[in-house]
Amino acid sequence: MADRIIRAITCDGAIKILAMTARETVEEARRIHDLTPLTSAALGRTLIAASLLGNDLKSDENSLTVRIDGDGPIGSVVAVSDNYGYVRGYCRNPHADLPVREKDRKIDVSGGVGKAGTLSIIKDLGMKEPYIGQTPLMSGEIAEDITAYLATSEQIPSVCALGVLVDRDWTIKAAGGYIIQLLPGVYDDEIDRLEECMKKARAVTECLDAGMTLEEMLAETLTGFEIEVLDEAEVGYRCTCSHERTCGVLMAIGTDELRTIAEEDGRAEVACQFCDKKYVFEKDELYELIREIEIRNEKKDEVRGVV
Ligand SMILES: [Zn+2]
């Protein structure tokens, strides 16, 4: 069953909710990157967060990146979403693994991500420069880090829950999450009621694994609130790489390096870091790219000459 994302609001318009199922999305990431339970949980949670926040973007040209740079064994974790919530991502050490945590028998995501580091959110809104916000990691558990980011960097009080449940054979059994945002004008008593709800809330994966729909999960989680679903959409793991985009990656390494590759290896093979698709560039094409860089540099020099 394809993953879905819903956008909802309480009937008084004070609280906005984004919620999604993500089993297929995280399973696809696991399959592509050969993830362990630890990296499935860390990258999975990051993908879910990116998808939920990305779904909020306005136009088709927009994209949103969640990037976590912690000091744990997983290394950097990156997830990129389009404005529908279709995501792609990777982590630096996909095979990193840790024993389950003693105290709660759960996957040690904060141990894998690290407690010291930063969470960055990069929004490409089609302007000249992307918008970049950054906050220090709070716990490395990711949902808390997203909540802290939204509070400090965007001044949006929110609640975030992200979950990935890994089966015995390491496939993804359930995954999903939600972000609940308090809109301007929310009453104090509603905040109190929301806090009470959150204290009693079951884990997202527990609800989804029990077969609940997103609507049922929200109804149970937000007892007492009247919720109206505004829209829903299918989401999933989707890469946007192409031969043309890979040319850009190769050109960025510069003429000297490209010439060395062309002469020594006779060809270049570039794997997409998001989906592992391989792009091959034969010698002729490498020389074409070198020529293209040189033409661009000449043009730049001409412009400088005029100035
Ligand atoms: Zn790709």
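All of these numbers come straight from a predicted model, not from anything done at the bench.

Next up on the list: the packing of helix H1 (residues 23–33) against helix H2 (residues 37–54). Contact geometry for H1 and H2: axes closest at 10 Å, N-to-C directions at 130°. Regarding the angle of H1 to H2, the classification is oblique. The chirality of how H1 crosses H2 is right-handed. Taking contact as the criterion, the partners of Thr-25, Val-26, Ala-29 and Arg-30 in H1 are, on H2, Ser-40, Leu-43, Gly-44 and Leu-47. For the contact of H1 with H2, the residue count by class is 4 nonpolar, 3 polar and 1 charged.

Looking now at the domain arrangement of the protein chain. Under the domain assignment, the protein chain is made up of domain 1 (3–235) and domain 2 (243–306). In this structure, domain 1 and domain 2 have C-alpha centres spaced 36 Å apart. Listed by partner, the interface residues are 4 residues for domain 1 and 4 residues for domain 2. A total of 3 residues in the side of domain 1 that touches domain 2 trace back to one element, the largest contributor, which is strand E5 (residues 87–91).

This paragraph deals with the pairing of strand E4 (residues 77–82). Judged by how many residues are buried, E4 sits mostly within the fold: 6 of 6 residues are covered. Where burial is concerned, the two faces of E4 agree: the one with Val-77, Ala-79 and Ser-81 and the one with Val-78, Val-80 and Asp-82 are both buried. Bridge count between strand E3 (residues 63–70) and E4: 6 bridges; the pairing is antiparallel. Along E4, the bridge assignment pairs Thr-65 with Val-80. In this antiparallel pair of consecutive strands, E3 and E4, the connection spans 6 residues, and Gly-75 shows a positive phi of 75°. Here E4 pairs with E5 via 5 bridges, running antiparallel. By the bridge assignment for E5, Val-80 is matched with Arg-88. The antiparallel pairing of E4 with E5 creates a hairpin that spans 4 residues between the two strands, and Gly-85 there sits at a positive phi of about 110°.

Reading guide: rules and limits
Per chain, residue numbering runs from 1 following the sequence as it is written. Local features in this predicted model are restricted to residues of pLDDT 70 or higher, and side-chain atom pairs are both shown and tallied only at a pLDDT of 80 or more, whereas totals for entire chains, interfaces and linings draw on every residue. Note on definitions: angles span 0 to 180 degrees between N-to-C directions of axes, and those axes are lines fitted to C-alpha atoms, for helices only across the stretch in contact. To qualify as a helix, a DSSP run of H or I must reach at least 4 residues; to qualify as a strand, a run of E must reach at least 2; elements of each kind are numbered from the N terminus. Geometric relationships in this document are graded by angle, where less than 35 degrees denotes roughly parallel, more than 145 denotes roughly antiparallel, 65 to 115 denotes roughly perpendicular, and other angles denote oblique. Working rule for handedness: look at the near helix, and if it is turned counterclockwise from the far one by less than a right angle, call the crossing left-handed; if clockwise, right-handed. C-beta atoms are first placed from the backbone for all residues, and any pair lying within 7 Å is then listed as a contact. Three residue categories are used. Nonpolar comprises Ala, Val, Leu, Ile, Met, Phe, Trp, Tyr, Cys and Pro, charged comprises Asp, Glu, Lys and Arg, and polar comprises the others, including Gly. Each domain's extent was defined by an automatic or database domain assignment. Between the buried cut of 20 or more and the exposed cut of 12 or fewer other C-beta atoms within 10 Å of a residue's own C-beta lies the partly exposed class, and all C-beta atoms are placed from the backbone. When DSSP finds two or more bridges between two strands, those strands count as paired.

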